[in-house]
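Coordinates in review
These are the residues of each chain, in order.
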Amino acid sequence: MNDRIKDVQLLTPNEQMRPEGLIHGVPGGYTTPLSNCRIMYFPKIHDPAGNLTFIEGGNHIPFDIARTYYLYDVPGGSSRGSHAHKGLHQVLIAMSGSFDVVLDDGTHQTRYHLNRSYCGLYICPMIWRRLENFSSGSVCMVLASQTYDEADYIRDYDEFRQAALGK
Ligand code: T46
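This part takes up the packing of aromatic side chains. The final tally for this structure, using the stated rule, is 7 aromatic pairs. Between Y41 and Y118 the ring centres are 6.4 Å apart and the planes differ by 40 degrees, which places this aromatic pair in the tilted class. Taken together, the positions of Y41 in strand β1 (residues 38–41) and Y118 in the loop between β8 (109–114) and β9 (119–123) put the pair 77 residues apart, joining distant regions of the chain. The buried category is assigned to Y41, whose relative accessible area is 8%. Between W128 and F160, the aromatic rings sit 5.5 Å apart at their centres with planes inclined by 40 degrees, giving tilted as the arrangement. Here F160 lies in helix α1 (residues 157–164) and W128 lies in strand β10 (residues 128–132), a separation of 32 residues in the sequence. In this structure, W128 and F160 share a single accessibility class: buried. Ring pairs connect the aromatic residues W128, Y157 and F160, which therefore count as one cluster.

Structure below.
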């Protein structure tokens, strides 16, 4: 288990991107496990010759980065994911193009549309995710807290829901 997990801080809280199907910020301050998942903004250096974004380990990401991987050449109509992770923390970034990420904590669902390379979607453990609606040429880069381990996956939704709801 990564011992450097800490609270995720939005770099620009006033610019927080609101997800579709919003369930955060329910009147009265009620939150769900999905509240831990959120859009993060990374530094963006504007330049007439092209913008630059940087991500520093130990600074912009709430965990030590153990692995990076990326999804590309995704055929139209395909979906990825459809599983949860027991202990893995990740940040997903649309490096090019766009796609949707549907997050599910076993009770509630939230859909995010990622289309900015200076934004990342932080996903905590025990969240079911499905990626869909990939645009042509889109690239999804992922920063992950652990190296690949199939034993960390829950690929059966009923098993996930039982574990998530403590049943
Ligand atoms: C998530 C989305 C965005 C490896 O060998 N190493 C790796 O680091 C990864 C991620 C995968 N693999 C192998 C394991 C499978 O045989 O590649 C195959 C497909 O992997 P997976 O089912 O994880 O692929 P996705 O795109 O459905 O899901 C992945 C992540 O697992 C998931 O957490 O958020 O990308």
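On we go.
Spatially, 5 strands are ordered β1-β9-β6-β11-β4 in an open sheet, and the strand pairing comes out antiparallel. Two strands close off the open sheet at either side, each with one partner strand: β1 and β4 (67–71). The average angle at which neighbouring strand axes cross in this sheet is 25 degrees, direction not considered. Across 3 bridges, the pairing between strand β6 (residues 90–96) and β9 is antiparallel. Residue pairing across strands places L92 opposite L121, the latter belonging to β9.

Rules used throughout
Residues numbered from 1 in each chain as written. Predicted model: local features only at pLDDT ≥ 70, side-chain atom pairs only at ≥ 80, totals over all residues. Heavy atoms only, no water. Phe/Tyr/Trp six-rings, centres within 6.5 Å; stacked < 30°, edge-to-face > 60°. Helix = DSSP H or I, 4+ residues; strand = E, 2+ residues; numbered from the N terminus. Buried < 20%, exposed > 50% of the residue type's maximum accessible area, 1.4 Å probe, protein only. Pairing = 2+ DSSP bridges. Axes fitted to C-alpha atoms, helices over the stretch in contact; angles between N-to-C directions.

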